[in-house]
Amino acid sequence: MPSPGFATKRLTRLAEPNSTLGIVLTLWYELGMSRLALIAVLASHLLHAQVAAEFQRWVDSGTGAFWAGHYTEAASAFQKAAYLDASDPSTKLYLGAAYMSAWLKEKVSNSDSAVQAEEQLRRVLILQPENDNALLWLGSLMLQLQRLDEAESIYSKAAALVHNERTVCDANYAMGII
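Residues numbered from 1 in each chain as written. Predicted model: local features only at pLDDT ≥ 70, side-chain atom pairs only at ≥ 80, totals over all residues. Heavy atoms only, no water.

Caption draft 1: Region of the structure containing the side chain of Thr91. The residue Thr91 is located in helix H5 (residues 89-106) in this model. In this structure Thr91 comes out as buried when scored by relative accessible area, which is 0%. Beyond its immediate sequence surroundings of up to four residues, Thr91 is in contact with Phe55, Val59, Phe78, Ala81 and Ala82. (Helix = DSSP H or I, 4+ residues; strand = E, 2+ residues; numbered from the N terminus. Buried < 20%, exposed > 50% of the residue type's maximum accessible area, 1.4 Å probe, protein only. Contact = heavy atoms within 4.5 Å.)

Here it is in structure tokens:
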């Protein structure tokens, strides 16, 4: 008759070695992990998967709303996605673009959307200082807000990014306007 750990050992061999299931089963078998600890690890993995799916759902919703021209709705969806994954610079970039587009479309006298756009674009630059899109969009926003010294400084930083020829051309063009 096989030993009690036989089934676990067999499952460990069948699971992908680097998969979460494989790692958890190996820990359970090799280290004698308690059932409660095993359940906690599996629950944590399931929660992470649910958050990732929810994050992607909000990103997809925001992208659809943005391309349909519903910028306020897009900003709301991207804001929810950014809340779920605060370390993702792309979501902050999209959120900044949605706020900026809403502000430009609506030309609201109060510049709440412009302030929020600036805040999000600066957050992207904290995470990725050489993000050419964030630099160009922030420079454009500063230009629209008539903050010309800031716009010129931002466009100078963008022009210094020689790894992207398009960014250099766009930045130099904008500096010529200023």
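Caption draft 2: Representation of the pattern of salt bridges in the model. All told, the structure shown has 6 salt bridges when counted by the stated rule. A salt bridge links Arg147 to Glu150, with the shortest nitrogen-to-oxygen separation between them at 2.8 Å. Owing to a relative accessible area of 29%, Arg147 belongs among the partly exposed residues under this scheme. The partly exposed category is assigned to Glu150, whose relative accessible area is 31%. Three or more residues are tied together by salt bridges with common partners; here these are Glu118, Arg122, Arg147 and Glu150. (Salt bridge = Lys/Arg side-chain N within 4 Å of Asp/Glu carboxyl O.)

Caption draft 3: Seen up close, the confidence of the model for the protein chain. Residue-level pLDDT values for the protein chain average 77, and 62% of them are 70 or greater. When the criterion is pLDDT under 50, residues 6-15 qualifies, and its contacts beyond four places in sequence or with other chains add up to 12 contacts. (pLDDT = per-residue confidence, 0-100.)

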